[in-house]
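Chains, contacts and geometry: an overview
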Amino acid sequence: MPGQTRIDRRRFLLGGLQAAGFFLLAGCDNLSQSQWFPQLLSKTEGLTRRAQRTLTSKDALAKEYPEADLSTVFPVNGETNPNNPVYHTLAQGNFADWKLEIGGLVQRPARFSLTAIHAMPSRTQITRHDCVEGWSAIGKWKGVPLREFMEIVQPLPSAKYVVFRCADIDDDQIPYYESIALEEAYHPQTIMAYELNDVPLDMAHGAPLRLRVERQLGYKHAKYVMRIELVESLDEIGGGRGGYWEDQGYEWYAGI
Ligand SMILES: Nc1nc2c(c(=O)[nH]1)N[C@H]1C(S)=C(S)[C@@H](COP(=O)(O)O)O[C@H]1N2
Ligand SMILES: [Mo]
């Protein structure tokens, strides 16, 4: 889709400027400005070059690391304990009654239990997670390639984006959500992960299932995914910019 790529790149380049402005105005929760602002500037410059490379090579793989490089502690960030009674009831039952729903513009909507997901083909990858708040960590993720789910539900020709609906809702009652291009769902490193460093995901890291989309920044990696929806346009979803943070000024294509 060359037309699509051009538009995304233009949007991305503009978005970089907007995001820098957002950081200046809004600041950031936990880190002092002096700590993260210089990093953000250099990151934004680098992003422009790297995004061009990523976008011109749609199958390029994010770097994978040996076990020796694993971070001793993989930090947690953002939500760590979703403020949602339905989620907590499911968590108390060890997610035995939890199901991932996939719907929207698909031929065959489906629901997947955790047991069913564990029985599907899996991929394990050791990658670096980069958060715009100024930290990175290397972790080993195991999960089911999103492609496997797409082959079961069969997106309709009109489907262009994959939206991830999460269990957490912020203090203003805004739910966390994210989206990626349908093309990115077929990338081999785009997985729905259920293990971090050889153990089941804990609640803070997004139990029972989270997205890993390794060529993009941390906020794209939706935790607590409850439902996946295939859509034609992001205009009517959430705040209309494709994600919780995007609605507050972050770029939608968060290429590393
Ligand atoms: N549902 C949900 N997903 C989320 C977030 C969140 O607050 N809620 N935070 C994002 C951000 S900014 C980052 S850096 C990573 C952090 O993942 P971790 O807690 O496993 O380190 O999750 C991302 N996914
Ligand atoms: Mo982040």
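Below is a short write-up of the structure.

Right, let's get into the environment of Pro 155. Looking at where Pro 155 falls in the secondary structure, it is placed in the loop between helix 5 (146-153) and strand 5 (161-169). Separated by 51 residues in the primary sequence, Pro 155 and Gly 104 place their C-alpha atoms 8.6 Å from one another. Discounting chain neighbours no more than four positions away, the residues touching Pro 155 are Leu 105, Val 106, Met 150, Leu 182, Tyr 186 and Leu 230.

Now for the site of ligand 1. Residues in close proximity to ligand 1 total 21 residues, the closest being Pro 75, Asn 77, Asp 168, Arg 210 and Lys 223. One of the backbone N or O atoms of Asn 77 is found 2.8 Å from an oxygen atom in ligand 1. In this structure, Arg 210 approaches ligand 1 through a side-chain N or O atom, which is 2.6 Å from an oxygen atom. Breaking the shell around ligand 1 down by element, the ones donating at least two residues are strand 3 (123-131) and strand 5. A class-by-class count of the residues in the shell around ligand 1 yields 11 nonpolar, 6 polar and 4 charged.

A word on the pattern of salt bridges. In the structure shown here, the tally under the stated rule is 12 salt bridges. The partner of Lys 140 in a salt bridge is Glu 67, with the nearest N and O atoms 2.8 Å apart. Of this pair, Lys 140 sits in strand 4 (residues 135-145) while Glu 67 sits in the loop between helix 2 (33-56) and helix 3 (85-92); the two residues are 73 residues apart in sequence, bridging distant segments of the chain. For Glu 67, a relative accessible area of 46% corresponds to the partly exposed category. Among the salt bridges present, the one from Arg 165 reaches Glu 229, with a minimum N-O distance of 3.4 Å. Here Glu 229 lies in strand 10 (residues 225-231) and Arg 165 lies in strand 5, a separation of 64 residues in the sequence.

Calculation criteria
Residues numbered from 1 in each chain as written. Chains lettered and ligands numbered in written order. Predicted model: local features only at pLDDT ≥ 70, side-chain atom pairs only at ≥ 80, totals over all residues. Heavy atoms only, no water. Helix = DSSP H or I, 4+ residues; strand = E, 2+ residues; numbered from the N terminus. Contact = heavy atoms within 4.5 Å. Near = heavy atom within 4 Å. Polar contact = N/O pair within 3.5 Å; in protein donor to acceptor, adjacent residues only side chain to side chain. Nonpolar A, V, L, I, M, F, W, Y, C, P; charged D, E, K, R; others polar. Salt bridge = Lys/Arg side-chain N within 4 Å of Asp/Glu carboxyl O. Buried < 20%, exposed > 50% of the residue type's maximum accessible area, 1.4 Å probe, protein only.

By themselves these figures say nothing about function.
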